[in-house]
Amino acid sequence: MDLVTPELGEVIDVEDDAYPRSLYYHIAPESAIGDFLKKSRSWKLPRSCTKLLNEDYYTPFLNVSSSILKHFWNDSTAHGARTVVDTHSIDLPHCEPDPTTHSSRPSFVIKAEGPSFQLPDSEPGQNQLYTGFSNITACIEPPTSAQRDAGGRAVDTRCNICQQPNRRFVRLLVLSEEHFRLFHFDRSGVQYSPYINFHDDPHTFVRLILGLSSPNESDVGLDTSIQWTIENGKKIGGTLTTSGADGIDVAYPLLNVEPFFTTGSLCGRSTICWRVRNPASSEELVVKDSWKSEEHLSEHIYLQDAFDIPGVVQMISFEHNRDQTKRLRGFGDFLPQGFHNRVETRVVMKAYGRSLRHFSSARQLLCALRDAIAGHQELYKKGTLHRDISIYNILLGKPGAGPGYRGILIDFDMAIHYGLKVFNKPEHWLISVAVLSSSEYETPLPRDHLDELESFLYVLAHILFAYDPQGTFHSFSPTLQGWDNRDPVVVATLKQSFLSWDSPPIPVRQRWPIPCANLLLAYQAFLSPLVRTKLRLNEQGPDARKEEAKVFVADVDQHYAHVLRIFDDAIDMLDEPPESWKLSCHDSPLLSPTAAFRLAFDRSDSLPQSHNPLKRASDDYPDDHPSAKRCST
């Protein structure tokens, strides 16, 4: 639970019961529920759990819930598709990116069949499980577990989302001796209702049970634009339907029944990516679903600006407002304090290669970085700052891609238009020195192209320090571990020293061709004086630095031209005989790496984190959560 609680976001305690009472009226009229209550012999819940024989808390609630489903879902299309199952003594396995033995025991679940559900996976040699988080619509918790808090509910909810990748929201019921409470989880967090007495308001209780078991998958929180073909209880194929470039819906066949990337997170952007095939051309495409903050521009705005720009992902179509969390919760114009609305978006894009870390040669690496930087330049001319340059947001081009298309910049969820004041993430190890240290100044310069070019340098450094030219990982050097420190000022100091190094580390010189080491030194030498100038200007007020700051704007094209030239020189040199290579020399560093490291940590009580600072659970598309999860590959 400790791993899940930070993902909850805002926990909203709704003071009145209007929301649960407003749900699912379309499923059954009040008269039908009234007739059921009059005729039902199963509607006998004790007013005190102390009266239960042998403290059997489960049977009365199981019988009542089962009777509701049996009475209302007895038609030919729904019969057998929804069943209440007692799972309080059954281990339901979790889904994690790495092998795990974790499991949960919800008290009751509503087991489901249909185009979004499949039997849970079983380990080789084990008996097939018939109930799991992959084929339930909701959990119901009777009095024995009513004390569990939102964090405890979140564990089961997260498993639901991870194993049902078309989940928009999860709802569950918590019961006490005479009351029930509705929990609602979505990408904005969790909210729960006050307890409602089910003896005083049995209609609402019945209606919620019907909603949580509805044969209509959208009622239970599933996105019905993604549907699967089920055979022998397992998904064997499926389609994703979305708006095409001409506004007409297109049903894209799924190339894999599972997404190739999903964060598995409860709230936030919660990006999910699917591989699909264009039914008209058979071309492979990528569909990206995510939930953006309401105040942020949709990614499609920046991708429209990127149309026909080499080195940048190309968009086919988009849906910019598929749903909103405030609508899922029934909020109108008034939003409760602490609630942050999120908007569901979908983008269909061309498919490319894997992420940059899957390079297989020094030349492929440099060509991919060079073309991504060139694409970034063209976008910057249109006023776009990416703000999330990373090894995972640069893809390799398709096999045989020509110049301009050998590296592709993706993921514009964090992008802004140049000049906007936004909250930065100073803990990010790829962020520039000026941004990391911006909190030290009253009026720091706005983020600009040099900060982005600096991030590209750190991507290059990460690969040169941690990998060899064949793409084999070796280890994370002390330099990279230092950049993962939680104190942004410490990281800024370390990076200032790095920029002024006069020679690459020994592992780089030993493992990598000399042209790659020379590129690193040339890139550092180019940025170092510019970074020092920016820091000096940050110490001045806007008026005092006005004229000098204009130089950065005037020299944008020259800055990009210089960086692209040193990449081109390195790529050309790789094609020359190794005996002609010579290691470049630059000015002595302002601080030696050891001295800078010591100085930085004299300023902080924290030490570099021992975990892998760059670990991602996905190959291609990152998200803004600390621990991305992937259910399958």
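Provided above is the structure to which this section pertains.
Before going into details, it helps to say that this report is about the structure given with it.

1. Section: the nonpolar core
Move 1: Counting 97 residues, the largest nonpolar core has Leu356, Leu366, Phe498, Trp512 and Tyr523 as its most contacted members.
Move 2: Not counting residues up to four positions away in its chain, the partners in contact with Trp512 are Phe359, Ala362, Leu365, Ile463, Leu464, Tyr467, Asp468 and Pro469.
Move 3: Ranked by size, the runner-up nonpolar core spans 33 residues in total, among them Phe36, Leu182, Ile196 and Leu212.

2. Some points on the pattern of salt bridges
Oppositely charged side chains are able to pair whenever their charged atoms sit close together.
Move 1: Considering all chains together, one arrives at 32 salt bridges under this definition.
Move 2: Here Arg168 makes a salt bridge to Asp323, at a shortest N to O gap of 3.8 Å. With Arg168 in the loop between α4 (150-163) and β7 (170-175) and Asp323 in strand β17 (residues 315-324), this residue pair connects regions lying 155 residues apart in the sequence.
Move 3: A salt bridge links Glu294 to Lys326, with the nearest nitrogen and oxygen atoms 3.7 Å apart.

3. Focus: the sheet that holds strand β16 (residues 284-293)
Move 1: Read from one edge of the open sheet, five strands run β14-β15-β16-β18-β17, paired in antiparallel fashion. Whereas interior strands pair on both sides, the edge strands pair on one side only; in this sheet they are β14 (261-262) and β17.
Move 2: As paired strands, β17 and strand β18 (residues 342-350) are joined by six bridges and run antiparallel to one another. Bridging from a neighbouring strand, Gln324 pairs with Val343 of β18.

4. Thoughts on the environment of Arg105
Move 1: With respect to the helices and strands, Arg105 occurs in the loop between β4 (103-104) and β5 (108-112).
Move 2: Sequence separation between Arg105 and His88 is 17 residues; the distance between their C-alpha atoms is 5.2 Å.
Move 3: Leave out the neighbours within four places in its chain, and Arg105 touches Thr87, His88, Ser89, Ile90 and Asp91.

5. A few points about the environment of Val84
Move 1: Residue placement: Val84 occurs in strand β2 (residues 82-86).
Move 2: Overall, the relative accessible area of 10% leaves Val84 in the buried class.
Move 3: With 19 residues separating them in the primary sequence, Val84 and Ser65 have C-alpha atoms 6.9 Å apart.
Move 4: Once residues within four sequence positions are removed from consideration, Val84 is found in contact with Leu62, Ser65, Ser66, Leu69, Phe108 and Val109.

6. Looking at empty space enclosed by the protein
Move 1: Counted by the stated rule, this structure contains five cavities of 30 Å³ or more.
Move 2: Looking at the largest cavity, its volume works out to about 110 Å³.
Move 3: Every residue lining the largest cavity is counted, 14 residues in all, and those nearest its centre are Pro165, Arg167, Ile272, Asp289 and Glu344.
Move 4: Among the elements that make up the lining of the largest cavity, the one with the highest residue count is β16 (three residues).
Move 5: In the lining of the largest cavity, the residues fall into five nonpolar, three polar and six charged.

7. Looking at unusual backbone geometry
Excluding glycine, residues mostly carry a negative phi; peptide bonds, for their part, are mostly trans.
Move 1: Positioned with a positive phi, Asn232 is a non-glycine residue whose angle comes to about 55 degrees.
Move 2: Residue Asn232 is classed as exposed on the basis of its relative accessible area, which comes to 73%.
Move 3: Even without being glycine, Ser270 reaches a positive phi, approximately 50 degrees.
Move 4: Here Ser270 is to be found in the loop between β14 and β15 (272-277).

What counts as what
- Residues numbered from 1 in each chain as written.
- Predicted model: local features only at pLDDT ≥ 70, side-chain atom pairs only at ≥ 80, totals over all residues.
- Heavy atoms only, no water.
- Core = buried A, V, L, I, M, F, W, Y, C linked by side-chain atoms within 4.5 Å.
- Buried < 20%, exposed > 50% of the residue type's maximum accessible area, 1.4 Å probe, protein only.
- Contact = heavy atoms within 4.5 Å.
- Salt bridge = Lys/Arg side-chain N within 4 Å of Asp/Glu carboxyl O.
- Helix = DSSP H or I, 4+ residues; strand = E, 2+ residues; numbered from the N terminus.
- Pairing = 2+ DSSP bridges.
- 1 Å grid on protein atoms, 1.4 Å probe; cavity = no way out; pocket = protein on both sides within 12 Å on 5 of 7 lines; lining within 4 Å.
- Points joined across faces, edges and corners; volume = space filled by probe spheres on them.
- Nonpolar A, V, L, I, M, F, W, Y, C, P; charged D, E, K, R; others polar.

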